[in-house]
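Breakdown of the fold
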Amino acid sequence: MASVELKSITKSFGAVEVIKGLNLSVAEGSFCALLGPSGCGKSTLLRMIAGLEEVTSGKITIGDRDVTHEMPAKRRVAMVFQNYALYPHLTVEQNICFSLSLAGVSKAEQKTKGGQVARLLQLESLMDRRPAQLSGGQRQRVAIGRALVRDPEVFLFDEPLSNLDALLRVQMRLELAKLHNELKTTMIYVTHDQVEAMTLADKIVVLDKGVISQMGSPLDLYNAPANRFVAGFIGSPAMNFVPATLRKTAGGLEAELTGGTKFRLGDRAAPSFDGTRRVEIGVRPEHVQLGHADQALITGRVSVIEQLGNTTYVYADTASGPMIVEADQSVRLSPGDTIGLNIDTDRAHVFDETGMAWPSVRSAT
Amino acid sequence: MSDTEQSRPARRFTIGGALLTLLTILAAVIWFIPIYWAIVTSLRADQATVTEFTLWPSEPTLAGYIFGITNSKLPIWYLNSTITSVVITFVAVFTAASTGYAISQLRFPGRRLLWWIILASFMIPVPALIVNHFVIVANTNMLNTYQGIILPMLLTPVTVIVYKGFFDGLPKEYREAAVMDGASEYQLFYRVFLPMNWGVTTAMAIITFIGAWNSFLWPFLAVQSEEMMTVTVGITAVQDAFGVAYGRVLSGAVMASLPVALAYLLFQRRVTQAIALSAGIKG
Ligand SMILES: Nc1ncnc2c1ncn2[C@@H]1O[C@H](COP(=O)(O)OP(=O)(O)OP(=O)(O)O)[C@@H](O)[C@H]1O
Ligand SMILES: [Mg+2]
């Protein structure tokens, strides 16, 4: 177990700067998710921690050791690859014990250590098989086993579940959570799936084009996104964004949507401005309620209805643009119906032209 | 099994398909006849080789074989061929695998240049180099020695190209996983990359062995003394020494090609199987 500290890390491939002066500290025993869209530099960052990629500048510390220029094998980190990278010519047992065998550990000790790992991951009955004879989930477990046997201080995962089908992914997610509870080893987990990040991590780092957009606990990011990027990336279905004009009134901030709808926003740390200001209002689907068309804040037309059983998502076209509403199972609507929408104005998010959030006073605490 | 049985009714008779089958059979027959004729002729008595044209000799005899084995140095030539071919196979495949690995996986100055040189040498036909080889081997007093036969035949750019292609095609995560597991450069080669697919190595070894055993031009130039001849060179000597005796010549030829035919028959299934297998493995 060890903490991981990244200081002013940059990484360039040729002229292209992929990671731009990044600072990150992952506490000992934490489960940290690196979350971001494809190409934002998640894998590159992870590979630099692993030592598979040299940093262009900056410093990496694991525990109290400076490992910036240390060999990968000496960093006491283990990595699980997206495509597993199991050696096809070796059995499950040989795959798991490969690092021990390279280090010249005795056959007997390999057997005991490999056996412990196999028991933990329920691989005992598969030890003599080759990777080609395993299912996707089993291969994944062998890949984790190969990392486990080295007893590393830090586990690195690069999208380990993305090759599995939906059901297996949920199952492996639970197993990973259990594993972390048992081992309490520091884990850094790369994913572009926000559900994985939300459910597994105690700390999420959202990356956008090589810089940290926001980091914090899953609920912090969900309830108080620091910017439009994080707000749009976290949560499914995504937050609704509608353009609006803000103006200061005696009672606080008043927003006017394109359709002419006006409403008062909850108190928030808004910078001072004169006259009006163009912003975007963000509202999560669960913070929009259906109402009668003639009494509601906004009126719209139903375009699509998605019934998931426990909830129903209503997609509506409004004068301010498309909006998604989370309703309960009992709503009876069909496409083309006219509906009214009410916004929980206290929980609405405001993003200025640069995409920065004006945090509401309540959630800022 | 049930798969093929189910798909059978779906297969319909077409003129094109029938023609193709006929053509394939014809090609097989055309290839087979000379081999068959050589074997049959080698079993005929001396005069019968030019007078008898039946499918099977009226009085089969091993006289041609016995003559070859007893009246020539065929056993020694066999030994020479075996030694040189085995050494060439081992050394050439090993060096080609290492070179292919280095060019594919290691980053060192001159890597690209080395690759271009190997590619270029692949374009140059061996006979174009043979005079140079002869001069070098003669100047270093290696004519009529095993080294003299072996050394020039170790240059196998095609094998290097095959290995490089194979190593290039492997996901880079294999290397990275092994590096994280603490593998040294030697362990990477010997414990991960080389054993990852013995099919490639088996196929390359068989091809190299067959090529080495069948080679004629270079051993013919490099060796003058009868004691150092390989089988292919030696059997031409039989012809020269005894005039045109078809039975003897052809029994020599059959004996000369026996190991190659055997190697292919024995390993054919393994080669195709290994290649199919390696193509099926997903990272
Ligand atoms: N070896 C390399 N040479 C040049 N550019 C690279 C190299 N590796 C990565 N990049 C670039 O760096 C950027 C970040 O790549 P990276 O693999 O870290 O993205 P990622 O966040 O892991 O994306 P994904 O979710 O698709 O895996 C990409 O634009 C990629 O093209
Ligand atoms: Mg990636």
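Residues numbered from 1 in each chain as written. Chains lettered and ligands numbered in written order. Predicted model: local features only at pLDDT ≥ 70, side-chain atom pairs only at ≥ 80, totals over all residues. Heavy atoms only, no water.

Residue and element names in this part refer to chain A. Assigned domains of chain A: these are domain 1 (4-233) and domain 2 (240-351). Relative to domain 2, the C-alpha centre of domain 1 lies at a distance of 39 Å. Every contact between the two is made by eight residues of domain 1 and, on the other side, six residues of domain 2. Across the domain 1 to domain 2 interface the summed buried area is about 670 Å²; carbon plus sulfur atoms make up 53%. It is Tyr-222, Arg-228 and Ala-231 that lose the most area in domain 1 upon contact with domain 2, and together they represent 74% of the buried surface on that side. On inspection of domain 1 and its partner domain 2, the count reaches one salt bridge. Among the salt bridges present, the one from Glu-280 reaches Arg-228, with a minimum N-O distance of 2.5 Å. Counting every contact that joins domain 1 to domain 2 gives three residue pairs in polar contact (both at pLDDT 80 or more). Within the residue set of the side of domain 1 that touches domain 2, elements represented by two or more residues are α8 (218-223) and α9 (228-233). Of the residues contributing to the side of domain 1 that touches domain 2, the split by class is four nonpolar, three polar and one charged. (Domains from an automatic or database assignment. Contact = heavy atoms within 4.5 Å. Buried area = accessible area lost by both parts, 1.4 Å probe. Salt bridge = Lys/Arg side-chain N within 4 Å of Asp/Glu carboxyl O. Polar contact = N/O pair within 3.5 Å; in protein donor to acceptor, adjacent residues only side chain to side chain. Helix = DSSP H or I, 4+ residues; strand = E, 2+ residues; numbered from the N terminus. Nonpolar A, V, L, I, M, F, W, Y, C, P; charged D, E, K, R; others polar.)

Right, let's talk about helix α6 (residues 111-123) of chain B for a bit. Residues and elements named next belong to chain B. In this model α6 runs 19 Å from its N-terminal to its C-terminal C-alpha over 13 residues, within 8% of the 18 Å that 1.5 Å per residue would give. Of the residues making up α6, those classed as buried are Arg-111, Trp-115, Ile-118 and Leu-119. Burial along α6 is one-sided: seen end-on, the buried residues are contained in an arc of 95 degrees. When the buried face of α6 is taken as reference, the exposed residues oriented beyond 90 degrees from it are Leu-113, Trp-116 and Met-123. Turning to α6, the residues buried within the fold contact α5 (74-105) and α9 (157-169). (Expected span 1.5 Å × (residues − 1). Buried < 20%, exposed > 50% of the residue type's maximum accessible area, 1.4 Å probe, protein only. Arc of directions from axis to C-beta.)

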